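Structural features, examined
Chain by chain, the residues run as shown.
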Amino acid sequence: MGYKAEFLSQAEVCAIYQCLDGHIHLKYRTLDITMDACDFHQVAEVFIEALRILQKVEKSTTEEIDLENMDLLVKV
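Just so you know, the residues in each chain are numbered from 1, in the order the chain's sequence is written. Reporting in this predicted model follows two pLDDT cut-offs: at least 70 for local features of residues, and 80 or more for side-chain atom pairs to be given and counted; totals over whole chains, interfaces and linings ignore these cut-offs and use all residues. Side-chain measures were taken over the full set of non-hydrogen atoms in the model, leaving aside hydrogen atoms and water.

What follows covers the sheet that holds strand β1 (residues 5–10). Pairs of strands are assigned from DSSP output, requiring at least two bridges between the strands. Counting from the N terminus, the helices are the DSSP runs of H or I reaching at least four residues and the strands are the DSSP runs of E reaching at least two. The sheet built from 4 strands is open, its strands ordered β1-β2-β3-β4 with antiparallel pairing. On the outer flanks of this sheet lie β1 and β4 (31–35), each paired with one strand and no other. Here the strands of the sheet are splayed against their neighbours by 25° on average, with no regard to which way each runs. Taken together, the 5 bridges between strand β2 (residues 14–19) and strand β3 (residues 24–28) define a ladder with antiparallel strand orientation. Bridge pairing in β3 places tyrosine 17 opposite histidine 25. Between the N-to-C directions of two axes lies an angle of 0 to 180 degrees, each axis being a line fitted to C-alpha atoms and, for a helix, fitted only over the stretch in contact.

Structure representation (structure tokens):
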């Protein structure tokens, strides 16, 4: 790995950067995973799919129920 890197994205606890050797690094706290572009693409797709699923779960638990317009069956 080269001594300089180009940061592609970063946040408080993680970063994605490319070293001078062309490897893409996913750094999370003290963990630094090195991969080639093909592997990075697969990892990114997995992250995106997980985010989509998490958003669906969060959205379904925060939806408001409109009791006034809800169809109810009355049992006698």
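Its identity is not glycine, yet arginine 29 carries a phi of approximately 50°, on the positive side. Looking at where arginine 29 falls in the secondary structure, it is placed in the loop between β3 and β4. Burial classification: accessible surface area is computed with a 1.4 Å probe over protein chains only, and a residue below 20% of its type maximum counts as buried, one above 50% as exposed, and the rest as partly exposed. According to the relative accessible area criterion, arginine 29 is exposed, its value standing at 53%.

Before going further, it helps to spend a moment on the pattern of salt bridges. A pairing counts as a salt bridge when a side-chain nitrogen of Lys or Arg comes within 4 Å of a carboxyl oxygen of Asp or Glu. A complete count under the given rule lists 1 salt bridge for this structure. Residue glutamate 49 pairs with arginine 52 through a salt bridge whose shortest N-O separation is 3.7 Å. Taken together, the positions of glutamate 49 and arginine 52, both in helix α1 (residues 37–62) and 3 residues apart, correspond to about one turn of that helix. For glutamate 49, a relative accessible area of 40% puts it in the partly exposed group.

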